[in-house]
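Architecture and fold: a report
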Amino acid sequence: MEEYPLTIMDLEKQFSTEEACRDYLIELRWPNGFVCPRCQTPGSWSASRERWICQTCRYQASVTAGTIFQDTHKPLTLWFRAVWHVTSRKHGASAMSLQQELGLGSYKTAWTWLHKLRRAMVRPGRDRLSGTVEVDETYWGAEEEGVIGRQTERKALIAVAVEDNGNKIGRIRLRQIPDASRESLHGFINEMIEPGSTVRTDGLPSYLAMNGFTHERQVQRQQDEGEHLLPRVHQVVSLLKRWLLGTHQGAVGHAHLDYYLDEFTFRFNRRNSRSRGKLFYRLLQQVVQVDPVPFRCIIGGKNDSI
Ligand SMILES: [Zn+2]
């Protein structure tokens, strides 16, 4: 299908009703016809426009069941506008801007919606990085310029993987890790990078003895001022920090940092998309493929104020 709105006018026209939104999601979730979410077999009776009954296991399904739209009390038309708001802006949206744009009653609702959408932005293990990949760690928090009121919080450690596509930067993966131990770093590499790839790191001993990868170790040598052993990682890290400080004014606590890393990754890996509408399409496509996330699971962390 790959049909998506190109402008806000298109969006308003195409998705003016709940039916239109639902039909779009049905196309995205079951492009080849209904497949039972429980027993994975095709074939259903339609109970209504919105409900299917599996012919095999009698499970009753709707297109939003099992997705982040499950149990929402707000119309899909509003959700679609939220997705547009998030994907149509080059640097993304803050909860404040989303609340204002959609006229949502509370900041908390806008904040929760953004986190639900971020959950759908990266699906780990679906497509791992490959070829030659630079891996390094970076710190976030506490002493970052512009971060106010978090001086007491310890720094967060972020593992960074960046594909080396010759002169260009390929895809990236980011995740918070507890420490720079062998276990943490190897765990990150195994999860994010295709076995058989070449992993390029600095001389940190934790990276030694990799299993299933070719290890290319860059050991510190005489170098010019400003030259980096892992230039791609360095560039991605500075863009990431600028984004966290800019769009989100640095107000990102450790408990939710991974969600922001997912959003940055989603945007970065699609930075060359010709159309913003394509991001809208991709995000909705991923939204209907994830599990529902109850609010209590999102707030979870203790360091964050909502
Ligand atoms: Zn079934």
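Residue numbers run consecutively from 1 along every chain, following the written order of its sequence. The model is predicted, so local features are restricted to residues of pLDDT at least 70 and side-chain atom pairs to those at 80 or more, both for listing and for counting; the totals for chains, interfaces and linings are taken over all residues. No hydrogens and no water enter the side-chain calculation; it runs on all heavy atoms of the structure.

1. Describing the environment of Leu129
Here Leu129 lies in the loop between α5 (107–119) and β4 (132–140). Along the sequence, Leu129 and Ile172 sit 43 residues apart, while their C-alpha atoms lie 7.4 Å from each other. Working definition: helices are DSSP H or I runs of at least four residues, strands are E runs of at least two. Numbering for both runs from the N terminus.

2. Some details on the pattern of salt bridges
Here, a salt bridge means any Lys or Arg side-chain nitrogen found within 4 Å of an Asp or Glu carboxyl oxygen. Summed over the entire model, instances satisfying the criterion amount to 13 salt bridges. With a closest N to O distance of 2.9 Å, Arg81 and Glu12 form a salt bridge. Residue Arg81 is found in helix α3 (residues 76–88), and its partner Glu12 is found in helix α1 (residues 8–14); the two are separated by 69 residues along the sequence. Taking the relative accessible area as the measure of exposure, Glu12 reaches 37% and is therefore partly exposed. Counted as one network, the salt bridges with shared partners bring together Glu134, Asp164, Arg200, Glu216 and Arg232. Summary of the burial criterion: residues with accessible area below 20% of their type's maximum are buried, those above 50% are exposed, and those between are partly exposed, where the area comes from a 1.4 Å probe applied to protein chains only.

3. A look at the sheet that holds strand β2 (residues 52–54)
Here, a strand pair is defined by DSSP locating no fewer than two bridges between the strands. Judged by pairing direction, the sheet is antiparallel, and its 3 strands sit side by side in the order β1-β2-β3 without closing on themselves. Where the open sheet ends on each side, the last strands, each with one partner, are β1 (44–46) and β3 (60–61). Here β1 runs beside β2; their pairing, made up of 3 bridges, is antiparallel. If you follow Ser46 over to β2, its bridge partner there is Trp52.

4. Details of the nonpolar core
Core analysis: the biggest nonpolar cluster contains 66 residues, and Leu25, Phe280 and Leu284 have the highest contact counts within it. Among the elements that make up this core, the one with the highest residue count is α3 (8 residues). Contacts were defined at the residue level, with two residues in contact if any of their heavy atoms lie within 4.5 Å. When neighbours within four sequence positions are excluded, Phe280 is seen to be in contact with Pro5, Leu11, Phe15, Tyr24, Phe80, Val83, Trp84 and Thr87. The nonpolar core is taken to be a set of buried Ala, Val, Leu, Ile, Met, Phe, Trp, Tyr and Cys residues, with the residues joined through side-chain atoms within 4.5 Å. Listed in part, the 16 residues of the second largest apolar core include Ala161, Met192, Ile193 and Met210.

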